[in-house]
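Chains, contacts and geometry: an overview
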Amino acid sequence: MINVDKLHNELESAGIEISGCDSNGVVWDLEGKKQIQDRSDVLSVIEAHDPAPPLDDIRKYEYQKVGVNTESMVFALWKKVMSSDSTDADALQSLMDGVDDAIKSLG
């Protein structure tokens, strides 16, 4: 199993210039003309690939499930800064702390 976005980032982080990859592990060169997944440097990245979503993606998803999103954070911050009322910001932080604690307990 391949997490396409994550593999693409892993390949680029390894200094491998590509035009893209797919969920079958096929990787195309920078021009998109040649498959390069059998090259030793590319193959080593693919073999080390963990398809699990990045922790930040999991955290954002879990925040959204409990009602923490960009809009709610902006309004809470605005209320805290402009009205010196941190009630909403504190409530959001409490929800975020709960999510963070649950994620930490998983591993």
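Residues numbered from 1 in each chain as written. Predicted model: local features only at pLDDT ≥ 70, side-chain atom pairs only at ≥ 80, totals over all residues. Heavy atoms only, no water.

Our focus in this paragraph is the overall build of the protein. Each helix and strand counted, the protein has 5 helices and 2 strands in total. Ordered by position from N to C terminus, the α and β elements of the protein give α-β-β-α-α-α-α. Its C-alpha atoms give the protein a radius of gyration of 20 Å, more than 25% over the compact-globule value 13 Å for 107 residues. Taking the principal axes of the C-alpha coordinates as reference, the protein spans close to 60 × 30 × 20 Å. Across the 107 residues of the protein, 26% fall into the buried class. Counting only contacts in the protein whose residues sit at least 6 apart along the sequence, the fraction spanning at least 24 positions is 39%. Working note: accessible area of the protein is about 7,500 Å², and carbon and sulfur atoms make up 52% of it. In the protein, which carries 10 positive and 21 negative side-chain charges, the distance between the mean positions of the two groups comes to 2 Å. (Helix = DSSP H or I, 4+ residues; strand = E, 2+ residues; numbered from the N terminus. Rg over C-alpha atoms; globule rule 2.2 N^0.38 Å. Buried < 20%, exposed > 50% of the residue type's maximum accessible area, 1.4 Å probe, protein only. Contact = heavy atoms within 4.5 Å. Areas by Shrake-Rupley, 256 points an atom, 1.4 Å probe, with all protein chains shown as cover. Lys, Arg positive; Asp, Glu negative; His and termini not counted. Charge placed at Lys NZ, Arg CZ, Asp CG, Glu CD.)

So, about the packing of helix H3 (residues 55-65) against helix H5 (residues 87-106). Their axes nearest at 10 Å, the elements H3 and H5 cross at an angle of 135°. Between H3 and H5, the crossing angle belongs to the class labelled oblique. The two elements H3 and H5 cross, and the hand of that crossing is right-handed. Facing Leu55, Ile58, Arg59, Glu62 and Tyr63 of H3, the residues of H5 in contact are Met96, Val99, Asp100 and Ile103. (Axes fitted to C-alpha atoms, helices over the stretch in contact; angles between N-to-C directions. Parallel < 35°, antiparallel > 145°, perpendicular 65-115°, else oblique. Left-handed = near helix turned anticlockwise from the far one by under 90°.)

Moving on to the pairing of strand S1 (residues 18-21). Two strands pair when backbone bridges link them, and S1 and strand S2 (residues 27-29) are joined in this way by 3 bridges, in the antiparallel orientation. Counterpart to Cys21 in the pairing with S2 is Val27. Hairpin connection, S1 to S2: the antiparallel pair is bridged by 5 residues, and Gly25 has positive phi, about 90°. (Pairing = 2+ DSSP bridges.)

Our focus in this paragraph is H5. Compared with an ideal rise of 1.5 Å per residue, which puts 20 residues at 28 Å, H5 spans 29 Å between its outermost C-alpha atoms and is within 8% of the ideal. Check the buried side of H5 and you find it contacts H3 and helix H4 (70-83). (Expected span 1.5 Å × (residues − 1).)

Right, let's get into the pattern of salt bridges. Under the defined criterion, the tally for this structure stands at 6 salt bridges. A salt bridge links Lys65 to Glu62; the shortest N-O distance between them is 3.4 Å. Here Lys65 and its partner Glu62 are both found in helix H3, 3 residues apart, which amounts to about one turn of the helix. Exposure remark for Lys65: the relative accessible area of 54% places this residue in the exposed category. Asp85 is the partner of Lys79 in a salt bridge, and the nearest nitrogen-oxygen pair spans 3.5 Å. Since its relative accessible area comes to 23%, Asp85 is described here as partly exposed. Look at the salt bridges and you will find they share partners, linking Asp56, Arg59 and Asp100 into a network. (Salt bridge = Lys/Arg side-chain N within 4 Å of Asp/Glu carboxyl O.)

Counting 11 residues, the largest nonpolar core is built from Ile2, Leu7, Leu11, Ile16, Ile18, Cys21, Val27, Ile36, Val42, Val45 and Ile46. For this core, the elements supplying multiple residues, two or more each, are helix H1 (4-13), S1 and helix H2 (40-48). Among the elements that make up this core, the one with the highest residue count is H2 (3 residues). Beyond its immediate chain neighbours, meaning those up to four positions away, Ile2 contacts Leu7, Asp22, Ser23, Asn24, Gly25, His49 and Pro51. Formed by 8 residues, the second largest nonpolar core is a distinct cluster that contains Tyr63, Ala76, Met96 and Val99. (Core = buried A, V, L, I, M, F, W, Y, C linked by side-chain atoms within 4.5 Å.)

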